[in-house]
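Analysis of the macromolecular model
Here is how the chains run, residue by residue.
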Amino acid sequence: MKSVTGNDLVVIGGGPAGIAAAATASSLGLRVALIDERVTLGGQIFKRVGPGFDLRERKSLGKDYARGSDLIDEIDRPNVTVLTSTTVLTIEDGKVITSHAEEGIRALDYRFLIIAPGAYDRPVAFPGWTLPGVMTAGAVQTMVKTQRISPGKKIFFAGSGPLALAFSAQLIGLGAPVFRVIESAPFPSPVNALRLLSRIGGNLDLIRDAAKYRSVLLKARVPFKYGRIIVKAEGEGRLEYVTHAKADREWNPIPGTEVREACDALCVGYGFFPSHELFRLVDCAFEYDENRGGFSVIKDEWGATSVDSVFAVGDGTGVTGSYSAVAQGRLAGLQIASRLKKITEEERDSTAKPYARELRARNRFQSALNKMFDVGAGIYRLADSKTVICRCESVTRGAIDPIIDSTDDVSVVKGISRAGMGLCQGRNCQRHIAAMIADRHQKPISSVSFQTPRFPVKPVEIGAIADDSVREEKYFIT
Ligand SMILES: Cc1cc2nc3c(=O)[nH]c(=O)nc-3n(C[C@H](O)[C@H](O)[C@H](O)COP(=O)(O)OP(=O)(O)OC[C@H]3O[C@@H](n4cnc5c(N)ncnc54)[C@H](O)[C@@H]3O)c2cc1C
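Residues numbered from 1 in each chain as written. Predicted model: local features only at pLDDT ≥ 70, side-chain atom pairs only at ≥ 80, totals over all residues. Heavy atoms only, no water.

Points about the pairing of strand E17 (residues 265-269)
Here E17 lies mainly inside the structure; 5 of its 5 residues are buried. Burial of E17 is two-sided: the residues Ala265, Cys267 and Gly269 facing one way and the residues Leu266 and Val268 facing the other way are all buried. Examined bridge by bridge, strand E10 (residues 134-136) and E17 share 3 bridges and lie parallel to one another. Bridge assignment links Val134 to a residue of E17, and that residue is Leu266. Both strand E11 (residues 155-159) and E17 contribute to a ladder of 5 bridges, which runs parallel. Across the sheet, the residue bridging to Ala158 is Val268, located in E17. (Buried < 20%, exposed > 50% of the residue type's maximum accessible area, 1.4 Å probe, protein only. Helix = DSSP H or I, 4+ residues; strand = E, 2+ residues; numbered from the N terminus. Pairing = 2+ DSSP bridges.)

Dropping the structure here:
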């Protein structure tokens, strides 16, 4: 195993939060290593065009692309080592262990560690969700945005929250044939609307964006219906029909209100879950907030977690958007620089002021938005007994149901049924199983604990981590 030593700071995640942290810390003289598993930096929203693509007109890729370019330019410094195509597999004994196709396994030491792993689409299990043609909003966005490939000729969009509106409008703007959008939350109440308006300061850009997205849908005559939820997807070998229904306050479908429609693509965008595997590996303390994506790491205003020298920033701590992610990254970078005596506390505080102000404004607005799009528990009750809950191991709800009669422990369910034992390590099914347990045992979902995180946190080729000696020919299977 190779060692990469002498790092003041290792940052895991090259999205807006991680890059901003690396930029700020390196500008103050810290030696920084920035790691991302993707081929290029940028994360989800500042995603770069891939290698091999020639970019002639940067402007045509929009304002977020330009924001990303400016941020990435900031880390063009000799004291920053950028390790892309590099996956963090685990963190142990004060070292970050990574895998790279050619470089193999590397161990990076650090004085401080920032974990900025972002979020992923909230998986929603309902009958037919594993049919080809049913995709998460993030996957569809990536296909359409980066490759200009439409997932179908007639796209149904089911989801909730501000990004459901943004995603569907983006898809329509890029020429994808979306014909209907349903939002599970009810039409905003006057109380919720007033709360949002009272927190508009510092967020006018987001309101402008929302108005723009709404007008894209209106112009394209795509109906946007509040208070409806996806019920099932059907088809012979691939998606042919979706059924949706009116949702009650808890997002349970109301019987008798179902509508069945033909389509060849269903885009599912019910928000995000923070990627928290790495925080769990280092034993950070957590709290539960369904609207922030469930279990979220506890941190202070600088991003410091309960574990000394480990900081948490960006969507991996609860989705609050790219502006907030950048501000969080800057604040963590400043605090670490101050802890390493590169700046005084006074310098830290005065430089931090605009970022802290921005973060406060964004967080206030986000929490008002969260109230407006309060996630209903019905989202976990859509699956029937034949619905696959764990996709990796093909375990159905019917197989899990009898097990949770006798246990309220996700790990026991895993041990008996194999649900959560596959490649994704429970990222898709664990919460659903926790919600089933909570329902059955009449306890809050927040009290159902996680399954234990295991090395490697992300799938990796066995050749990348195997001992070299197994390459000897005598071990080869021919
Ligand atoms: C699917 C999706 C679509 C979105 N679309 C929009 C949109 O259209 N408009 C909008 O305003 N906001 C959008 N957002 C929100 C916005 O992208 C985020 O607020 C912002 O990108 C958060 O930045 P971040 O740095 O926290 O995370 P990210 O940008 O997600 O970056 C995290 C990075 O960490 C890396 N990483 C994670 N785990 C590891 C590991 N083990 N090893 C190595 N690297 C790792 C990932 O590869 C990724 O590059 C979207 C979010 C998601 C998840």
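On we go from here.
Concerning the sheet that holds strand E16 (residues 259-262)
Where strands meet in a sheet, backbone hydrogen bonds hold them as pairs that are either parallel or antiparallel. In spatial order, the strands read E14-E15-E16; together these 3 strands make up an open sheet with antiparallel pairing. At either margin of the open sheet sits one strand with a lone partner, and together these are strand E14 (228-234) and E16. In this sheet, adjacent strand axes meet at a mean angle of 25° when their direction is disregarded. Of the strand pairs in this sheet, strand E15 (residues 241-246) and E16 are connected by 4 bridges, and their pairing is antiparallel. Within the sheet, the bridge partner assigned to Thr243 lies in E16 and is Arg260. (Axes fitted to C-alpha atoms, helices over the stretch in contact; angles between N-to-C directions.)

Re the domain arrangement of the chain
By domain assignment, the chain separates into domain 1 (2-120 + 273-370), domain 2 (123-270) and domain 3 (383-478). Centre-to-centre separation of domain 2 and domain 3, based on C-alpha positions: 28 Å. Counting residues at the interface gives 6 residues for domain 2, matched by 9 residues for domain 3. Overall, the association of domain 2 and domain 3 removes approximately 630 Å² of surface from exposure, summing both partners, and the carbon and sulfur fraction of that is 58%. Put simply, domain 2 and domain 3 have 0 salt bridges between them. Split by residue class, the side of domain 2 that touches domain 3 holds 5 nonpolar, 1 polar and no charged. (Domains from an automatic or database assignment. Contact = heavy atoms within 4.5 Å. Buried area = accessible area lost by both parts, 1.4 Å probe. Salt bridge = Lys/Arg side-chain N within 4 Å of Asp/Glu carboxyl O. Nonpolar A, V, L, I, M, F, W, Y, C, P; charged D, E, K, R; others polar.)

A few points about the environment of Phe167
Relative to the helices and strands, Phe167 is located in helix H4 (residues 162-173). Linking Phe167 and Lys371, residues 204 residues apart in sequence, is a C-alpha distance of 20 Å. Contact partners of Phe167, with chain neighbours within four places excluded, come to Ala137, Gly138, Gln141, Phe157 and Phe272.

Let's talk about the UniProt feature "transmembrane region" (unreviewed entry) in the chain
Mapped onto the present numbering, the UniProt feature "transmembrane region" (unreviewed entry) falls at residues 155-179. Along residues 155-179 one finds 48% helix and 28% strand; the C-alpha atoms at either end are 6 Å apart. (UniProt positions renumbered as here; feature names shortened; annotations may be inferred.)

Quick notes on the sheet that holds E10
Pairing is parallel across the open sheet formed by 5 strands, whose spatial order is E10-E17-E11-E12-E13. A single partner strand is all that each edge strand has here, and the edge strands are E10 and strand E13 (224-226). Averaged over all neighbouring strand pairs, the angle between strand axes comes to 20°, with direction disregarded. The pairing of E11 with strand E12 (residues 178-183) spans 5 bridges and is parallel. Along E12, the bridge assignment pairs Phe156 with Arg180. Sheet strands in contact with helix H3 (residues 137-147) are E10, E11 and E17, and its direction is about 85° off that of E10.

Focus: H3
Each α-helix winds once per 3.6 residues, and so residues spaced three or four apart point in a common direction. All of the buried residues along H3 are Ala137, Gly138, Val140, Gln141 and Val144. Here the buried residues of H3 occupy an arc of 160° about the axis, which is enough to place them on one side. Arg148 sits one or two positions beyond H3 and adopts a positive phi of about 60°. (Arc of directions from axis to C-beta.)

Digging into the site of the ligand
With respect to spatial proximity, 31 residues lie near the ligand, and among them Asp36, Gln44, Gln141, Gln170 and Asp315 are the closest. A distance of 3.2 Å is found between an oxygen atom of the ligand and a side-chain nitrogen or oxygen belonging to Arg38. Gln44 places a polar main-chain atom, nitrogen or oxygen, 2.8 Å from an oxygen atom of the ligand. Relative to its unbound accessible area of 970 Å², the ligand is 94% covered by the protein chains. Of all elements in the fold, only helix H1 (16-27), strand E5 (86-92), strand E9 (119-121), H3, H4 and helix H8 (322-339) reach the threshold of two or more residues within the shell around the ligand. When the residues that make up the shell around the ligand are grouped by side-chain class, the tally is 11 nonpolar, 14 polar and 6 charged. Both domains that meet at the shell around the ligand, namely domain 1 (2-120 + 273-370) and domain 2 (123-270), each give it at least three residues. (Near = heavy atom within 4 Å. Polar contact = N/O pair within 3.5 Å; in protein donor to acceptor, adjacent residues only side chain to side chain. Areas by Shrake-Rupley, 256 points an atom, 1.4 Å probe, with all protein chains shown as cover.)

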